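Spelled out from the first residue to the last, the chains are:
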Amino acid sequence: MKKLLLFAIVISIISCKQKEKLTAQQIIDKAIEVSGGELYTTSEISFDFRKIKYMLSYVSNRKQLKRIFKKDGAIVKDVLAANKLQRFVNDSLIQVPDSMAVKYVNSVNSVHYFVYLPYGLNDGAVKKKLLGEVIIKEKPYYKIKVTFAKEGGGVDYDDTYIYWFNKETFKPDYLAYEYHVGKGGIRFREAYNERFVEGIRFVDYYNLKPKSNTISILDIDELYSNGNLELLSKIELENVQVNKEISQF
C-alpha cells in the first residue's frame, strides 16, 4: 500500500511538472507582460542614445519612430511610419535617394527595436523556438531562438537571435544575434542598470563579441560563462521619458 501511495505521489509530481512546461510563445508573452505589457502601445517614449534623440509617438493611432540630431549645424529629423521614411532638415522636407532611405530606415528601426525588447517579439514575421534550459551565473534560463520570415521581416530578415529569459522573473537578461551586413559577425549582450519608467522596463547593455567568428551562435552562452568574450562597447540610454497620455508631437 505504501509503495502504491508513493508511486501515485511521484506520478502526480511528474504530471504537475509536465503541465508547468511552457512553450516559447508563453515565455515571451510573460516576458512582455512583466516588462511593460500594453504600456508599450499606449505610451510615448523618448530617450537619448549616443547624442541622438529617439522618440516613439502615435499620430491618429499610427505608430511613428523618430530620431533627431545635429549635422553640419542643421537639425535633422527622420520620421518613420508604416516603414516609410521622411527626412526633415531644419523643418524642411528633403528628398532622400532610395538607397540611402533603406539605410536610414534600418538604422532607426534597429535602435528602437533593441530599446523596447522584449516587446516586438510577437510581430507577425517572428518565428520562435525553445531550445531548452541553461544555467548562466548560477541562474536558470529559458533559451529561445528567434528567426524571421522573409515577408515582413525587414532588411535583415536572415539574422538569427538568441534570448535567455530568467526562469523566475521572465526578464531577458541576455541576448545574442548573428548578422550578415558587411563581413557579418556575432554579438552577445548582457543587460544591466535595469530601471522601470512609468511601468516600462529599460536596460543598458554590455556589448560583447567572440574572439572568433567561426563559433556557432548556439554556443555563445558557454563562451560567456567561461569568460571567452571581449567587451566591445556599452549600450547606454540617457534621459528616458515615458508619457502615458498620448498626444501628437
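An account of the accompanying structure is given in this report. Computed from a predicted model, the values in this text were never measured in an experiment.

Rules used throughout
Residues numbered from 1 in each chain as written. Predicted model: local features only at pLDDT ≥ 70, side-chain atom pairs only at ≥ 80, totals over all residues. Heavy atoms only, no water. Helix = DSSP H or I, 4+ residues; strand = E, 2+ residues; numbered from the N terminus. Buried < 20%, exposed > 50% of the residue type's maximum accessible area, 1.4 Å probe, protein only. Expected span 1.5 Å × (residues − 1). Polar contact = N/O pair within 3.5 Å; in protein donor to acceptor, adjacent residues only side chain to side chain. Contact = heavy atoms within 4.5 Å. Pairing = 2+ DSSP bridges. Core = buried A, V, L, I, M, F, W, Y, C linked by side-chain atoms within 4.5 Å. Phe/Tyr/Trp six-rings, centres within 6.5 Å; stacked < 30°, edge-to-face > 60°. Lys NZ or Arg CZ within 6 Å of the ring centre and 35° of its normal.

Concerning the environment of aspartate 123
Along the chain, aspartate 123 falls in the loop between α3 (98–115) and β7 (126–136). Residue aspartate 123 is classed as partly exposed on the basis of its relative accessible area, which comes to 45%. The spacing of aspartate 123 and phenylalanine 148 is 25 residues in sequence and 9.5 Å in space, taken between C-alpha atoms.

Quick notes on α3
Relative to the 26 Å expected for 18 residues at 1.5 Å per residue, α3 spans 26 Å between its end C-alpha atoms, a close match to the ideal helical length. Within the span of α3, buried status applies to Ala101, Tyr104, Val105, Val108, Val111, His112, Phe114 and Val115.

Some details on unusual backbone geometry
A cis amide bond links leucine 117 to the next residue, proline 118, at an omega of 10°. Along the chain, the position of proline 118 falls in the loop between α3 and β7. The phi dihedral of lysine 51 falls on the positive side, at around 65°, and the residue is not glycine. A positive phi is found at aspartate 91, a non-glycine position, where the angle reads about 70°.

Looking at the side chain of lysine 143
Inspection of the secondary structure puts lysine 143 in strand β8 (residues 139–148). A distance of 2.6 Å separates a polar side-chain atom of lysine 143 from the backbone oxygen of leucine 218. Among all residues touching lysine 143, those that are not within four sequence positions of it are Lys129, Leu130, Leu131, Gly132, Val134, Ile162, Tyr163, Trp164, Leu218 and Asp221.

Quick word on the environment of valine 134
Note on placement: valine 134 falls in strand β7. As for valine 134 and lysine 167, which are separated by 33 residues in sequence, their C-alpha atoms are 9.8 Å apart. Once residues within four sequence positions are removed from consideration, valine 134 is found in contact with Lys139, Pro140, Tyr141, Lys143, Trp164 and Asp221.

Details of the pairing of strand β12 (residues 200–210)
Summarising burial for β12: 9 of the 11 residues are buried, a large majority. In sequence, strand β11 (residues 185–197) turns back onto β12 through a hairpin of 2 residues, with glutamate 198 there showing a positive phi of about 50°. Where β12 meets strand β13 (residues 229–235), 6 bridges bridge the pair, whose relative direction is antiparallel. Opposite tyrosine 206, over in β13, you have lysine 234 as the bridge partner.

What about the nonpolar core?
Ranked by internal contacts, the top residues of the largest apolar core, which has 52 residues, are Ile45, Phe47, Tyr163, Phe165 and Phe202. With 7 residues, α3 is the single largest residue contributor to this core. Contact partners of phenylalanine 47, with chain neighbours within four places excluded, come to Ile52, Lys53, Tyr54, Val111, His112, Val115, Tyr116, Leu237, Glu238, Asn239 and Val240. Residues Ile162, Tyr174, Leu223 and Leu229 belong to the second largest nonpolar core, which totals 14 residues.

Details of the packing of aromatic side chains
The final tally for this structure, using the stated rule, is 19 aromatic pairs. Ring centres of tyrosine 192 and tyrosine 206 lie 4.1 Å apart, and the angle between their planes is 15°; on these two criteria the pair is classed as stacked. Of this pair, tyrosine 192 sits in strand β11 while tyrosine 206 sits in strand β12, placing them 14 residues apart in sequence. By relative accessible area, which is 26% here, tyrosine 206 ends up partly exposed. In textbook terms, an aromatic cluster arises when at least three aromatic residues are bridged by ring pairs, as seen for Tyr113, Phe114, Phe148, Tyr161, Tyr163, Phe165, Tyr177 and Tyr179. Geometry around phenylalanine 170 places lysine 30 over its ring, the cationic atom sitting 5.5 Å from the centre.

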